Amino acid sequence: MDEAKTAKLSLKDVFKVFGDRPEKAMTQLRSGKSKTEIHKDTGCTIGVDGASFEIMDGEIFVIMGLSGSGKSTLLRLLNRLIEPTSGVIAVDGRDITKMSKRELIDLRRRDMSMVFQSFALLPNRTVLNNAAFGLEVAGMAEAERHERAMKALTAVGLEPYAQSMPEQLSGGMKQRVGLARALANEPTILLMDEAFSALDPLIRTEMQDELIRLQSENSRTIIFVSHDLDEAMRIGDRICIMQHGKVVQVGTPDEIVSKPANDYVRSFFKNVDVSHVFSAGDVARKTLLTIIDRQGVAAASALEQMETTGRDIAVIVGRDRSYHGMISQDSLIEKVKNKSPHPYREAFLSDIVPIDASEPLSNVLGRVAESRWPVPVVDEKNRYVGAISKSALLETLDRAG
């Protein structure tokens, strides 16, 4: 995660007990009794068991687990659609468990929207009026709510269908209306409960792409519940794995694949194609010789460094670590002999093209395999991140496997 980001939501020791005797159930839980024993004695079920973690501002945070793991319950605790039994749930530093009903309503209208698995469109209303429905309930004037709803429909590509009726739309289009209705509120937090699971696989992938596109254009904090591993890996900045109401691991997709917390987590990922999980930046290593290209440093100095360290190649970078190119001893010697005025630049290996750090590993396997040299990797500002060699690639795939 970006170190500059701050926590948008923070959970500390959050519990949810379903049943008529939650206090007794909590006492027994804290004394070490099993959930089976607690249910037998009190009739209560532990829905969420001591959840503590932070969700960062602007990230897509996916909550996943098997059926009954508590993932949807946890999501609904975040806006108090379900009341927590105990614990702290803070939004921008404010504990929502202590908010009055009026404060909670204001928070939901101002900061939170929710998208459900079912489209829940009103059949007798146009697409525009469906998208504007939440704003209408909030008492917003017609002209303003239509303007905001139309803006949301445009964002999801449905502006031409504003006057259509729901029955005229495909399943994917209906879910886009549901998403537009949530976006019309201009929330800073978007809660999505199995939002795409009712769609067929092709449309589901399109909606995932749409969500990522919308996030790139207008970043908000998205908490997305899913039981689908591929979906979680595809859209999640971080993933929270739940088991029997407990949060057992939170991490980036590659962290969880590389270091699963237990066998339960490991079982989720045992058949995952890690080439679709890791990015080029995850595999890049700073093992190559780097030479700073600055005025007054002769090519002879670079050759001496390469010979001293026994390196055949070197990466040339600027003072700001920006990537300039890659040279070999042979290419640089040739330019020095020819008295080239710019030996570094003219010695760059023309067949070496850097890879973007965010590029999925699956897209670079062929390039690394076919390249004579390690392939350099750069970030979005063209700064040198490292290089991927064949051995580093094989090591990563073997370690993940």
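Calculation criteria
Residues numbered from 1 in each chain as written. Predicted model: local features only at pLDDT ≥ 70, side-chain atom pairs only at ≥ 80, totals over all residues. Heavy atoms only, no water. UniProt positions renumbered as here; feature names shortened; annotations may be inferred. Buried < 20%, exposed > 50% of the residue type's maximum accessible area, 1.4 Å probe, protein only. Helix = DSSP H or I, 4+ residues; strand = E, 2+ residues; numbered from the N terminus. Pairing = 2+ DSSP bridges. Right-handed = clockwise from strand over helix to strand, strands pointing away. Salt bridge = Lys/Arg side-chain N within 4 Å of Asp/Glu carboxyl O. Axes fitted to C-alpha atoms, helices over the stretch in contact; angles between N-to-C directions. Contact = heavy atoms within 4.5 Å. Parallel < 35°, antiparallel > 145°, perpendicular 65-115°, else oblique. Left-handed = near helix turned anticlockwise from the far one by under 90°. Nonpolar A, V, L, I, M, F, W, Y, C, P; charged D, E, K, R; others polar. Arc of directions from axis to C-beta.

By the naming in an unreviewed UniProt entry, the chain goes by Quaternary amine transport ATP-binding protein and is assigned to Pseudochrobactrum kiredjianiae. UniProt, in its Subcellular location (unreviewed entry) section for the chain, records the words "Cell inner membrane". Turning to the chain, the UniProt record has this under Catalytic activity (unreviewed entry): "a quaternary ammonium(out) + ATP + H2O = a quaternary ammonium(in) + ADP + phosphate + H(+)".

Trainee: Could you clarify how one ought to interpret the pairing of strand 8 (residues 221–226) in this entry?
Mentor: Each regular strand shows side chains that alternate between the opposite faces of the sheet. For strand 8, the tally of buried residues reaches six of six residues, placing the bulk of the element in the interior. Every second residue of strand 8 is oriented toward a common face, with Thr221, Ile223 and Val225 on one face and Ile222, Phe224 and Ser226 on the other, all of them buried. The pairing of strand 3 (residues 60–65) with strand 8 spans five bridges and is parallel. Residue pairing for strand 8: Ile60 is matched across the bridge by Ile222. The sheet contact formed by strand 7 (residues 189–193) and strand 8 spans five bridges and is parallel. Bridging from a neighbouring strand, Leu191 pairs with Ile223 of strand 8. You can see the chain leave strand 7, run along helix 9 (residues 201–217) and come back into strand 8, and the turn it takes is right-handed.

Trainee: When you look at the pattern of salt bridges in this model, what are you seeing that I'm missing?
Mentor: In a structure, side chains of opposite charge can pair up when their charged atoms sit close to one another. Summed over all chains, the structure comprises 20 salt bridges. Residue Arg80 is joined to Glu83 by a salt bridge in which the shortest nitrogen-to-oxygen separation is 3.0 Å. Among the residues examined, Arg80 registers a relative accessible area of 12% and is labelled buried. Looking at Glu83, the relative accessible area reads 38%, which means it is partly exposed.

Trainee: Would you take a moment to explain the sheet that holds strand 3 for this structure?
Mentor: Strand order in the open sheet made by the six strands is 6-7-8-3-9-10, with mixed pairing throughout. Unpaired on one side and paired on the other, strand 6 (112–115) and strand 10 (246–251) mark the two borders of the sheet. Averaged over all pairs of adjacent strands, the angle between their axes in this sheet comes to 20°, without regard to strand direction. Sheet analysis places strand 9 (residues 238–243) next to strand 10, joined by five bridges and oriented antiparallel. Each residue of the ladder has a partner; that of Ile239, found in strand 10, is Gly251. Where helix 9 meets the sheet, it contacts strand 3, strand 7 and strand 8, and its direction lies at approximately 160° from that of strand 8.

Trainee: Looking at this structure, how should I read the packing of helix 14 (residues 299–309) against helix 15 (residues 329–337)?
Mentor: Between two packed helices, both the angle of their axes relative to each other and the distance between the axes serve to describe the pair. For the pair helix 14 and helix 15, the least separation of the axes is 10 Å and the interaxial angle reads 150°. In terms of orientation, helix 14 and helix 15 fall into the roughly antiparallel class. In the packing of helix 14 onto helix 15, the handedness of the crossing is left-handed. On helix 15, the residues touching Ala299, Ala302, Leu303, Met306 and Glu307 of helix 14 are Gln329, Leu332, Ile333 and Val336. Class assignment for the residues of the contact of helix 14 with helix 15 results in seven nonpolar, one polar and one charged.

Trainee: Would you mind showing me how to read helix 4 (residues 101–111) here?
Mentor: For an α-helix the count is 3.6 residues per turn, leaving residues at separations of three or four pointing the same way. If you check which residues of helix 4 are buried, you get Leu104, Leu107 and Asp111. Viewed end-on, helix 4 has its buried residues packed into an arc of 70°, placing them on one side of the element. In helix 4, those exposed residues whose orientation departs by more than 90 degrees from the buried face are Lys101 and Arg102. If you follow the buried residues of helix 4, they end up packed against strand 4 (86–91), strand 6 and strand 7.

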